[in-house]
Amino acid sequence: MLPAFLEKLITEKALNLAAYKAEHITAPVSLHANENPYPPSPELLEELRESLVTLELNRYPDPDGQKLKASLSEKLGTTPDHLVLGNGSDELIQLLIQVFCDPGDRVAFPDPTFSMYSIIARGLGVEPYPLVLSDQWDFKAPENFDSWKQEKVKIVFFSYPNNPTGNCFSAEEIQKVLNNFEGIIVLDEAYYDFARKTFLDKLKQHPNLILLRSLSKIGLAGLRVGYGIADPCIIRHINKMRLPYNLNSISQFMTERLLARFSTVEDQVDILLQERERMSTQMVKIKGIQPYPSDSNFILFKATEGTALHQRLLSSGVLIRNLVGHPRLKDCLRVTVGTPEQNDKFLSLLASE
Ligand SMILES: *Cc1c(COP(=O)(O)O)cnc(C)c1O
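Rules used throughout
Residues numbered from 1 in each chain as written. Predicted model: local features only at pLDDT ≥ 70, side-chain atom pairs only at ≥ 80, totals over all residues. Heavy atoms only, no water. Domains from an automatic or database assignment. Buried area = accessible area lost by both parts, 1.4 Å probe. Salt bridge = Lys/Arg side-chain N within 4 Å of Asp/Glu carboxyl O. Helix = DSSP H or I, 4+ residues; strand = E, 2+ residues; numbered from the N terminus. Contact = heavy atoms within 4.5 Å. Near = heavy atom within 4 Å. Polar contact = N/O pair within 3.5 Å; in protein donor to acceptor, adjacent residues only side chain to side chain. Areas by Shrake-Rupley, 256 points an atom, 1.4 Å probe, with all protein chains shown as cover. Nonpolar A, V, L, I, M, F, W, Y, C, P; charged D, E, K, R; others polar. Buried < 20%, exposed > 50% of the residue type's maximum accessible area, 1.4 Å probe, protein only. Pairing = 2+ DSSP bridges. Phe/Tyr/Trp six-rings, centres within 6.5 Å; stacked < 30°, edge-to-face > 60°.

(A) Just the domain arrangement of the protein, in detail. Under the domain assignment, the protein is made up of domain 1 (4-40 + 263-351) and domain 2 (57-261). If you average the C-alpha positions of domain 1 and of domain 2, the two centres end up 22 Å apart. Here domain 1 packs against domain 2, burying approximately 2600 Å² in sum over the two surfaces, 60% of which is carbon and sulfur. Between domain 1 and domain 2 we count two salt bridges in total.

Next up, the structure:
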């Protein structure tokens, strides 16, 4: 217990916040966090070993990440001034809310979705404005945006594909928002490499569009690297709010090298996509299991008794994500696509009731 005077110093918004449930249980088979199950290649690790000398870790990192931005912009067909680097895309979500919202404003997002939009917003005194999804987890744009305006919605976040439901929302409905909403539209493309669908080509026409990407789902979750793509004018304002050395030297270096050897990642993604189809096909055949379609590296599914199944898997060494806390996700679990061996273990446990 804190002394009373100290307790009083904690702001209302901090007191009311529930922490993000980042489970750090270690299980022999971890299929709960949508990470890439494949470790960095031996070649990449060798480059890391060598870099530990050349990176001069006694010096600050490049505050602008110039080398990394150069290789990212080449890959994306854009220019470095369209990019901002983040300590994970989570940090960029926070920066965007800081740049575009005052306390009392709102951020909209389809619900259920990635919980960090709401958690970060509330931590900054900004209120969530949830948008109800259909039974197929699709988003429908409102007829007009009057109520968004009245409710002071400044940003709408679309996780595309959506975590945890797995699907990409209808592009036509998102386009309606782009055409009519006079606020910031964030397309969080953390799972882009699995969906291979993007709004990148809409950036020119819509300067209020911001894309977020992440390296976490494709192999470097431990290095915390995300980036944003937006109009250079928006990037300039984000940079004023960003801490100068937010991305460390090792993360900058390793991401640049991973991009230089990106065919390895593409091969891994190909395997994971095949595995996702194999898992879905097997899962529908299991009694009491109902998988939803997925455009990402995970599958949302409904079970007869979600929490009991989650526990049973865990006691056999397989950790997946339990989502039953959300009113729309009763008995729903989310499994990340792992290596074929990990998926076999998951599938055989699922079938053995
Ligand atoms: C995992 C995830 C992120 C977080 O990415 P980091 O780069 O690890 O911070 C962002 N958005 C969505 C939808 C995610 O699922």
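Still more ground to cover, so stick around.
(B) Molecular detail of the side chain of Glu 275. Position of Glu 275 among the secondary structure elements: in helix α12 (residues 262-284). Excluding residues that lie within four positions of it along the chain, Glu 275 makes contacts with Val 337, Gly 338, Thr 339, Pro 340 and Asn 343.

(C) Spotlight on the site of the ligand. Close to the ligand lie 14 residues; Asp 188, Tyr 191, Ser 216, Lys 217 and Arg 224 are nearest. Here an oxygen atom of the ligand and a side-chain polar atom of Tyr 191 are 2.6 Å apart. Against a free-state accessible area of 390 Å², the protein chains account for coverage of 94% of the ligand. The residue inventory of the shell around the ligand, partitioned by class, reads four nonpolar, six polar and four charged.

(D) Quick look at the pattern of salt bridges. In the structure shown here, the tally under the stated rule is 17 salt bridges. With a shortest N-O distance of 3.4 Å, Lys 330 and Asp 331 are connected by a salt bridge. You can call Asp 331 buried: its relative accessible area is 17%. The structure contains a network of salt bridges with shared partners spanning Glu 47, Glu 256, Arg 257 and Arg 261.

(E) Seen up close, the pairing of strand β13 (residues 332-336). Burial analysis of β13 places five of its five residues in the buried class, which makes it a mostly covered element. Neither face of β13 is open: one carries Cys 332, Arg 334 and Thr 336, the other Leu 333 and Val 335, and all of them are buried. Judged from the five bridges that link them, strand β10 (residues 298-302) and β13 form a sheet pairing that is antiparallel. Note on β13: the bridge partner recorded for Ile 299 is Val 335. In terms of strand pairing, strand β12 (residues 321-322) meets β13 through two bridges, oriented antiparallel. Within the sheet, the bridge partner assigned to Asn 322 lies in β13 and is Leu 333.

(F) Spotlight on the environment of Tyr 227. The residue Tyr 227 is located in strand β8 (residues 226-229) in this model. Assessed through its relative accessible area of 6%, Tyr 227 is described here as buried. C-alpha of Tyr 227 to C-alpha of Leu 215: the two residues are twelve residues apart in sequence and 8.6 Å apart in space. Setting aside residues up to four positions removed in sequence, Tyr 227 forms contacts with Leu 72, Leu 76, Leu 83, Val 84, Leu 85, Gly 86, Leu 92, Leu 211, Leu 212, Arg 213 and Leu 215.

(G) A look at the packing of aromatic side chains. Within this structure, the stated rule accounts for 15 aromatic pairs. An angle of 70 degrees between the planes, with centres 6.4 Å apart, marks the rings of Tyr 129 and Trp 148 as edge-to-face. You can see Tyr 129 sitting in strand β4 (residues 127-132) and its partner Trp 148 sitting in helix α7 (residues 146-150), a full 19 residues away along the chain. With centroids separated by 6.2 Å and ring planes inclined at 70 degrees, the aromatic side chains of Phe 158 and Phe 169 adopt a geometry described as edge-to-face.

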